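# Topology and contacts: notes
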Amino acid sequence: MIDLDKHGISYLKFKPISSWSDDDFAKLFDAIASEHAAPVVDLPFIAENIEALLSVSSCRQCGNCCKAGITDDENASVMADKEELEAIAEETNTDFEELAEKLTKHATAKDAWCLPLPCMYYQDGHCLIYNVRPKVCRTYPLTGVAHDDISYIAVNLGCDYGRDIYKRLLKGD
Ligand code: SF4
Ligand code: SF4
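Okay, the domain arrangement of the chain next. One widely used convention gives an interface's size as the accessible area the parts lose upon coming together. Domain assignment breaks the chain into domain 1 (1-37) and domain 2 (38-171). Distance from the C-alpha centre of domain 1 to the C-alpha centre of domain 2: 26 Å. Taken together, the 11 residues of domain 1 in the interface contact nine residues of domain 2. Both faces considered, domain 1 and domain 2 share a buried interface measuring about 920 Å² in area, 69% of it formed by carbon and sulfur atoms. Counting across the domain 1 and domain 2 interface gives two salt bridges. For Asp22, the salt bridge identified is with Lys167, shortest N-O distance 2.9 Å. Where domain 1 meets domain 2, there are two residue pairs in polar contact (both at pLDDT 80 or more).

Next comes the structure, spelled out in structure tokens:
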């Protein structure tokens, strides 16, 4: 958890969440996002949980997660495994080897590549490979974080979709 005192919001420690205003939540989420943190929740990163959480709100279609507008990391990228990259190559009539050569191999995942952000497949407000977009694009703003051999759900607070989801979790709705 972040240091609430450091962010000037220590009053939240003494205020029941049920009485938090939208402004209280916004202050907390701004503080967490400013530390590039994504709160991890006690739910395994499995399809059932992902679908349930994604359904509590909706994507604003801002495209920021494709344009890298949610991060100041200049190396931000989207991971695609071999199967996903093959599907993208087929969808875009590109030779798989040619496509793979243009991309950086993922530092830790085996047989995976990084699609740099802003994404080359984001054009005019749309994903050109929507039907074959990688899993990470399908689950955002939720991502998986490994802990003790189990992958748990982390909620990214860089967009209002993620903030809505986390707010519902905090409120226990
Ligand atoms: S997931 Fe979030 S950042 Fe990405 S398009 Fe939807 S609202 Fe925007
Ligand atoms: S593959 Fe599509 S959804 Fe994923 S980052 Fe690129 S444009 Fe966005």
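The omega torsion of the bond from Leu117 to Pro118 falls at -5°, within 30 degrees of zero and hence cis. Position of Pro118 among the secondary structure elements: in the loop between strand S4 (112-116) and strand S5 (122-123). For the bond from Tyr140 to Pro141, the omega torsion is 15°, close enough to zero to count as cis. Summarising the element assignment, Pro141 is placed in the loop between helix H6 (135-139) and strand S7 (142-147). Positive phi, normally seen in glycine, also occurs at His36, with a value near 55°. Mapped onto the fold, His36 is located in the loop between helix H1 (22-34) and strand S1 (40-44). On the basis of relative accessible area, His36 is assigned to the exposed category, the value being 58%.

This part covers the layout of surface pockets. Its volume calculated, the second largest pocket comes out at about 270 Å³. Forming the boundary of the second largest pocket are Phe45, Ile50, Met79, Asp81, Glu84, Lys135, Val136, Thr139, Thr143, Gly144, Val145 and Ser151. Breaking the lining of the second largest pocket down by element, the ones donating at least two residues are strand S2 (77-81), H6 and S7. For the lining of the second largest pocket, the residue count by class is five nonpolar, four polar and three charged.

Calculation rules
Residues numbered from 1 in each chain as written. Chains lettered and ligands numbered in written order. Predicted model: local features only at pLDDT ≥ 70, side-chain atom pairs only at ≥ 80, totals over all residues. Heavy atoms only, no water. Domains from an automatic or database assignment. Contact = heavy atoms within 4.5 Å. Buried area = accessible area lost by both parts, 1.4 Å probe. Salt bridge = Lys/Arg side-chain N within 4 Å of Asp/Glu carboxyl O. Polar contact = N/O pair within 3.5 Å; in protein donor to acceptor, adjacent residues only side chain to side chain. Helix = DSSP H or I, 4+ residues; strand = E, 2+ residues; numbered from the N terminus. Buried < 20%, exposed > 50% of the residue type's maximum accessible area, 1.4 Å probe, protein only. 1 Å grid on protein atoms, 1.4 Å probe; cavity = no way out; pocket = protein on both sides within 12 Å on 5 of 7 lines; lining within 4 Å. Points joined across faces, edges and corners; volume = space filled by probe spheres on them. Nonpolar A, V, L, I, M, F, W, Y, C, P; charged D, E, K, R; others polar.

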